[in-house]
Amino acid sequence: MEWKLLFTTFGMVFLAELGDKTQLATFCLSADCDSKLSVFLGSATALVLSSLIAVLVGDAVSRVISPNTIKIGAGLFFIVVGVYTLYTAVRSI
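All values reported here derive from a predicted model rather than from experimental measurement.

The subject of this paragraph is the overall build of the chain. Assigned secondary structure in the chain consists of 4 helices and 0 strands. In sequence order, the chain lays out its α and β elements as α-α-α-α. A compact globule built from 93 residues should have a C-alpha radius of gyration of about 12 Å, whereas the chain, at 17 Å, is more than 25% larger. Taking the principal axes of the C-alpha coordinates as reference, the chain spans close to 50 × 45 × 20 Å.

Following this line, the structure appears as structure tokens:
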């Protein structure tokens, strides 16, 4: 077990999920439903499953494409999405 990697991953995912649409949806479900345990278990299971899929796909893709290329691609993707978001926001003013 690589403890540094474990804590780094935890910190990154935890911070990324704060204020995320998923957290807001969970917040709304919890406020609207009586069974808080069901909402927690459903949202926690969904996050674990989506993380499992990301790890498996990331492992498979990294066998074909170098990790550095994946990082560059992800960075470019976020830049494109950010520029598009700014463009649509400014256009709607």
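Under the definition given, this model contains 1 salt bridge. With a closest N to O distance of 2.9 Å, Asp59 and Arg63 form a salt bridge. The class for Asp59 is partly exposed, based on a relative accessible area of 37%. Assessed through its relative accessible area of 67%, Arg63 is described here as exposed.

Before going further, it helps to spend a moment on the packing of aromatic side chains. Evaluated as defined, the whole model comprises 3 aromatic pairs. Seen in terms of ring centroids, Phe10 and Phe14 are 5.7 Å apart; in terms of plane orientation they differ by 15°. Their pairing is stacked. Of the two residues, Phe10 and Phe14 both sit in helix α1 (residues 3-17), 4 residues apart, roughly one turn of that helix. On the accessibility criterion, Phe10 (54% relative accessible area) is exposed. Residue Phe14 is classed as partly exposed on the basis of its relative accessible area, which comes to 45%.

Before going further, it helps to spend a moment on the packing of helix α2 (residues 21-32) against helix α3 (residues 36-62). Running from amino to carboxyl end, α2 crosses α3 at an angle of 160°, the nearest separation of the two axes being 9 Å. On the basis of their axis angle, the class for α2 and α3 is roughly antiparallel. Between α2 and α3 the crossing geometry is right-handed. The segment α2 lies against α3, with Thr26, Leu29 and Ser30 engaging Lys36, Val39 and Ser43. Class assignment of the residues belonging to the contact of α2 with α3 gives a composition of 2 nonpolar, 3 polar and 1 charged.

It is worth spelling out a nonpolar patch on the surface at this point. Together, Leu49, Leu52, Ile53, Leu56, Val57, Val61, Val64, Ile65 and Ile70 line one region of the surface with nonpolar side chains, adding up to about 780 Å² of accessible area. In terms of residue count, the dominant contributor to the nonpolar patch is α3 (6 residues). Looking at the element boundaries, Val61 is found in helix α3. According to the relative accessible area criterion, Val61 is partly exposed, its value standing at 32%.

Thresholds applied
Residues numbered from 1 in each chain as written. Predicted model: local features only at pLDDT ≥ 70, side-chain atom pairs only at ≥ 80, totals over all residues. Heavy atoms only, no water. Helix = DSSP H or I, 4+ residues; strand = E, 2+ residues; numbered from the N terminus. Rg over C-alpha atoms; globule rule 2.2 N^0.38 Å. Salt bridge = Lys/Arg side-chain N within 4 Å of Asp/Glu carboxyl O. Buried < 20%, exposed > 50% of the residue type's maximum accessible area, 1.4 Å probe, protein only. Phe/Tyr/Trp six-rings, centres within 6.5 Å; stacked < 30°, edge-to-face > 60°. Axes fitted to C-alpha atoms, helices over the stretch in contact; angles between N-to-C directions. Parallel < 35°, antiparallel > 145°, perpendicular 65-115°, else oblique. Left-handed = near helix turned anticlockwise from the far one by under 90°. Contact = heavy atoms within 4.5 Å. Nonpolar A, V, L, I, M, F, W, Y, C, P; charged D, E, K, R; others polar. Patch = residues over 30% accessible without salt bridge, like charges linked within 9 Å, V, L, I, M, F, W, Y side chains within 5 Å. Areas by Shrake-Rupley, 256 points an atom, 1.4 Å probe, with all protein chains shown as cover.

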